[in-house]
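One letter stands for each residue in the lines below.
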Amino acid sequence: MTLRWEAFLEEVRERGEYDTPQEAERAARVVMALLGAHLVGDVRAELAARLLETLAPVLLNPLQAAEPLSPERFVRATAAWIEGATETTALWDIGAVLSTVADAAGDDLTERVLLQLPPGYDLLFGRPQPGHRP
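Being a predicted model, the structure only gives us computed values, none of them experimental. (Residues numbered from 1 in each chain as written. Predicted model: local features only at pLDDT ≥ 70, side-chain atom pairs only at ≥ 80, totals over all residues. Heavy atoms only, no water.)

1. As for the packing of helix α3 (residues 41-50) against helix α7 (residues 107-115)
Closest axis-to-axis distance for the α3/α7 pair is 10 Å, and the angle between their directions is 140°. Here α3 is positioned oblique relative to α7, judged by the angle of their axes. For the crossing formed where α3 meets α7, the hand is left-handed. Along the contact surface, α3 presents Val43, Glu46, Leu47 and Arg50, while α7 presents Leu109, Arg112 and Val113. (Axes fitted to C-alpha atoms, helices over the stretch in contact; angles between N-to-C directions. Helix = DSSP H or I, 4+ residues; strand = E, 2+ residues; numbered from the N terminus. Parallel < 35°, antiparallel > 145°, perpendicular 65-115°, else oblique. Left-handed = near helix turned anticlockwise from the far one by under 90°. Contact = heavy atoms within 4.5 Å.)

2. Focus on the packing of aromatic side chains
To describe a pair of aromatic rings, you give the distance between the ring centres and the angle between the ring planes. Taken as a whole, this structure holds one aromatic pair when the rule is applied. Between phenylalanine 74 and tyrosine 121 the ring centres are 5.4 Å apart and the planes differ by 75°, which places this aromatic pair in the edge-to-face class. With phenylalanine 74 in helix α5 (residues 71-81) and tyrosine 121 in helix α8 (residues 121-124), the pair connects residues that are 47 residues apart, well separated along the chain. Neither phenylalanine 74 nor tyrosine 121 differs from the other in exposure class; each is buried. (Phe/Tyr/Trp six-rings, centres within 6.5 Å; stacked < 30°, edge-to-face > 60°. Buried < 20%, exposed > 50% of the residue type's maximum accessible area, 1.4 Å probe, protein only.)

3. Focus on unusual backbone geometry
If you check the backbone angles, glutamate 17 has positive phi at about 55° while not being a glycine. Counting through the fold element by element, glutamate 17 comes out in the loop between α1 (5-16) and α2 (21-36).

4. Focus on the packing of α1 against helix α6 (residues 87-105)
Each pair of packed helices gets described by two things: the angle between the helix axes and the distance between those axes. Packing of α1 against α6 brings their axes to within 9 Å, and their N-to-C directions diverge by 135°. What the angle tells us is that α1 and α6 run oblique. Once α1 is placed against α6, the crossing between them reads as right-handed. For the pair α1 and α6, the contacting residues are Phe8, Glu11, Val12, Arg15 and Gly16 in the first and Trp92, Ala96, Val97, Ser99, Thr100, Val101 and Asp103 in the second. Of the residues that constitute the contact of α1 with α6, the class distribution is six nonpolar, three polar and three charged. (Nonpolar A, V, L, I, M, F, W, Y, C, P; charged D, E, K, R; others polar.)

5. Concerning α6
If you check α6, its first and last C-alpha atoms are 26 Å apart, about what 19 residues at 1.5 Å a residue would give, namely 27 Å. Here α6 has its buried residues at Ala90, Asp93, Ile94, Ala96, Val97, Leu98, Ser99, Thr100, Val101, Ala102, Ala104 and Ala105. Packed against the buried residues of α6 are α1, α2, α3, α5, α7 and α8. With its phi angle positive at about 90°, glycine 106 sits one or two positions after the end of α6. (Expected span 1.5 Å × (residues − 1).)

Next comes the structure, spelled out in structure tokens:
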């Protein structure tokens, strides 16, 4: 199932408790660009197809990461890319976007995405692994 752009942004806006759709869009674009830099192959293409054509180019044409970012570094990178963000607000942004992505992708694809990322990203997607305690 592919989400419409407006529905995706509305879901991110609600989860992130943003005042405007523009705030939700800014968070979505930054988080998806950083995520896209860490995914490869069919998983990235399938995720882009499940999301929406507006975000597909952000996900499919990122700069490639020189090395995988740990979840903590992903949060710091997000904070650096969003004007006025702190690590705390970036974590909030990431949770709003990635939990929406996980719901749109479904459990199977989300699991395959997580297999391409360093340990700990399950929490950023709102999908803690059984027995995992932060």
